[in-house]
Each structure stands twice: as C-alpha cells, then as structure tokens.
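# Commentary on secondary and tertiary structure
The chain contents come next:
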Amino acid sequence: MAVNSGKKAQVMRVVELGERKATVLEQDVVRVLIDDDGGMVPEFSSVYGKGRINAHWLPWFRGNSGAAYNDAAYGSFWKARLLYTLAGNFPCLPNFGPGHLVNEKDMPPHGWTANQPWNVVKQGIDEATGAAWVLSILESPDTLMPLSFTKIDAVIPGHPVHYTGLTVKNRGKQDQRICAGWHNTVGAPFLQGDCRISSPAQSWLTPPLGGEFDTTTRLKPEAEFDALEKAPLADGGTADVSRVSGPIGYTDFAVGAIPRTALLGWSAVVNPFLKMAYISFFPGPAHAAADDIILYFNELWMQYGGRPFSPWAPYEGGTDLTYCLGMENATSAFANGLEYSQKLGTLLGNPTTVTIQGQEEKTLRYATLFARYEEGVLDEGVHTLETSESGIIAEGAKGAFCRFKADGAFSLLKKLQQG
C-alpha cells in the first residue's frame, strides 16, 4: 500500500529480492529502499537521464534465496549472518567491528541494529513539507545491555537526501558506553576508478597489527599522516588514496579524526565522469546538542580486491570479486569492536565511545545526499561543506561552489521525533 503526498513523495511497503520485507521512500529526485532486516539500504538511487543510478553496493555474494541464515549450513562460506544480508549502508550500534564477547554480552558484528529485524510501526506524509517517512523500533536482545532503538527515515520533495534519526534509550540504571556508526558503502555503477574521496579530517591513522587487514593492506600499519594524498605504504613511499583505485588486489583501512571545531561532520566521494556526488553529513563536535550522538571519525574502507577468501571470493584462495568503497562515519576505535573501543578511550584526540546514562536517551542524526552537479565544480572533490538556510554548500576546486537543497539543521527529523 502506498501513501501519496501530491508533491511527488510516497512511502510504501514492498517485498524485495530474497523475500525481504522493506520500505520504499521516494520523491521527485531520489528513491530509498530500506530492508527491515538490519536496516540495510541496498538502493539509494537518483534520476539519471531516462533511468536511475544506484550509489549503493550490492554484494555479489548476498544471500537472495529467501531462506533464513543458518550457521550450520552457511557459516563455512559466509562466516557471519551479517555478510549474508549485507548491502549498501546501515546503522551500527552498539558495536562497530567484529563479533565478540563484551562483559559476557554476545555482541554480533556491527551491533544489533545491523543484525536484528526492525519492526515498522508507522509511516506517513508530513503535511507541512510533503516529506515521506517511516518509523521503526528495535529492542536489545540482551538484558545486560537494556537499550531501545527508534529510527525515523525520511525524504523531502526536492531534496536529494535520505535523512535518518536514530534514538537510543538506556532503559537501565547503569551507564552504557557504546560505539555508534553508519556503514555507508558505495559500489558500481556509481563507483569507478579515479573517483575522488574527500573528508574534513586533518589527521589519519591506519590500524595496528592484529586485525583483519594484516594480510590485505598495502598501507603501513599504525601510521599517522595528515592527508589522504600521502598515505604511507608498507614497502616505503606514499600513495594518493583520495583517488579511488581499480581492483588492485588490496583491502585497506584508515581512520580520520573529524576536527573538534567542526560545526558539520561529513564525508564525500565524487564521480567526475558521471558528475555525481555522494555526501554524508551530520552534526559536528562543535555543534552538539545535549541529546546528540556525535560521530567523531571518518572510517575509510577501501575494498579493492584484497581478500582471496569467502565470501569475498567464491572459494578459499580464489579471486576476490568484490569491489566497493566504505565511506563510513563512526565513534569507535578503527573497526575493532566495542570492547577495544572501551579500553582505548580516545584516538587521535577524539573519544571512541558514546556514553548513554541510565534512563537517558540520545539521538544520532544522519543524512546522505546523492546528486548531480554542474560544470565540473566538484570534479576534484569536495574541499569544504557548510550548511546555509537554503541547503548545503560544497566548495570545489579554485573556490567554485555547488549548492544542494537540504535540511542541514535536521529540523524535520526533530519535528517528527516530537510527534
């Protein structure tokens, strides 16, 4: 059933590939497909010519049979349920990283929000803006960490943006230190070699040895650098990782600290051939309200064919067929998980966990924009990103600017959260 606004916005429930229950939010510019399972967003597409182009990654190995994941039957290939359902972008709370035990809690990879089914309870059209929205809830399956999650997804007519507000409530009396993140992953046909990666981070760090990138990376472990254009290589020299490589046989990871003075946190990848920009933005550390969950890091996962094992390859020792780019944003210590983040405490001067006090609730407000730009303004990437009354202003090379219609203050989400 679809609910139409008369302003080219609609929300409808569908069953997509793999017999997955999902919600479609659509208006005149973008279409968003949100699976109930894990909040996965396999499609974030924009009008392009007479058709549409999808920015998000669809893994070739995603399980689409419609059968529920069974570890005994599927575990040897997929390794984890998350990899069976993985697609596009998704929220990662209270864990950002691999599955592990945290104070006797069995924590799945990237947390419950990425693994549990969300319960869709309400949908509609906002009368004032014509925005289409859907409300979903999820409860922690572990009584030792009694958290409740409420998520609102929305699109506004004319805005090339998917807005999300995710509220975390601590139902217990004991404070909870958690990780929080958004795992945006772009892929073909949007992602191509020589796309440009941009970030406000002025200091970057590669993970220490002992993690998932030990055998796949070309970058020097635990190396700090100040610009993506000069990332240190393990064999000496540097590489410009701000330019997306082709499938070169490496899988790399680097984390960048969002400056504490930033009013707006963001990350961007631009395709200069298609003249399209994929930009995520969220409240920055200097603009934090008391109830905000702030994301302090850009997490860059460069999956360029460095994993010759399943499910990235069709068999152990086979060819990695997976080409994608993780433009992730999080408060965590690398992607090493909640326990590691709790023990470390800070990284590059920024906190690696968020504290939700007993009986307190906080909200992660997040937006992803996907749109065309004109006259090559952003061909060399995004230098700065700022909010204005009329939207988002992206600065490109030589002081040229591009304006996008967007709600940088998240006023609609705040209104919807108030009921």
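Scroll up to find the structure.
Note that the coordinates shown come from a computational prediction; the quantities given were computed from them, not determined experimentally.

Here we take up the nonpolar core. In this structure, F149 and V168 are the most contacted members of the largest nonpolar core, which totals 53 residues. Excluding residues that lie within four positions of it along the chain, F149 makes contacts with L93, P94, W112, T113, W118, S136, I137, L138, L166, T167 and V168. In terms of nonpolar packing, the next biggest core, distinct from the first, is built from 38 residues, F44, C195, V244 and M327 among them.

The three strands are arranged β31-β32-β33 in an open sheet whose pairing can be described as antiparallel. Looking at the sheet topology across the chains shown, the edges are occupied by β31 (384-388) and β33 (401-404). Within this sheet the neighbouring strands show an average axis-to-axis angle of 25 degrees, counted without direction. As paired strands, strand β32 (residues 391-395) and β33 are joined by four bridges and run antiparallel to one another. Bridge pairing in β33 links E395 to F401.

Our focus in this paragraph is the pairing of strand β23 (residues 264-271). Burial runs high along β23: eight of the eight residues are buried. Summarising the sheet, strand β17 (residues 196-198) and β23 pair through three bridges and their orientation is antiparallel. From the neighbouring strand, S198 faces β23, where its bridge partner is A268. In terms of strand pairing, β23 meets strand β24 (residues 276-283) through eight bridges, oriented antiparallel. Note that in β24 the partner of S267 across the bridge is S280. The hairpin formed by β23 and β24 contains four residues between the paired strands, and K275 there has a positive phi angle of roughly 60 degrees.

Before going further, it helps to spend a moment on the sheet that holds strand β10 (residues 119-125). Within a sheet, each strand pairs with its neighbour through backbone hydrogen bonds, oriented either parallel or antiparallel. Strand order in the open sheet formed by eight strands is β10-β11-β12-β13-β30-β24-β23-β17, with antiparallel pairing between adjacent strands. Only two strands of the sheet have a single neighbouring strand rather than two, namely β10 and β17. Taken pair by pair, the neighbouring strands of this sheet meet at an average axis angle of 15 degrees, ignoring direction. The pairing of β24 with strand β30 (residues 361-372) spans six bridges and is antiparallel. Its bridge partner being in β30, M276 is matched across the sheet by R372.

This paragraph deals with the pattern of salt bridges. As enumerated under the stated definition, the model contains 22 salt bridges in all. For R81, the salt bridge is made with D37, and the minimal N-O distance between the two is 2.9 Å. Placement of the pair is R81 in helix α2 (residues 81-85) and D37 in the loop between β4 (30-35) and β5 (43-48), with a sequence separation of 44 residues. By relative accessible area, R81 is classed as partly exposed at 29%. A residue is classified by how much of its surface remains accessible, and D37, at 19% relative accessible area, is buried. The residue K415 makes a salt bridge to D126 at a minimum N-O spacing of 3.1 Å. Residue K415 is found in helix α4 (residues 411-417), and its partner D126 is found in the loop between β10 and β11 (132-139); the two are separated by 289 residues along the sequence. Through salt bridges with shared partners, a single ionic network connects D194, R196, D240, R243 and E380.

Cut-offs applied
Residues numbered from 1 in each chain as written. Predicted model: local features only at pLDDT ≥ 70, side-chain atom pairs only at ≥ 80, totals over all residues. Heavy atoms only, no water. Core = buried A, V, L, I, M, F, W, Y, C linked by side-chain atoms within 4.5 Å. Buried < 20%, exposed > 50% of the residue type's maximum accessible area, 1.4 Å probe, protein only. Contact = heavy atoms within 4.5 Å. Pairing = 2+ DSSP bridges. Helix = DSSP H or I, 4+ residues; strand = E, 2+ residues; numbered from the N terminus. Axes fitted to C-alpha atoms, helices over the stretch in contact; angles between N-to-C directions. Salt bridge = Lys/Arg side-chain N within 4 Å of Asp/Glu carboxyl O.

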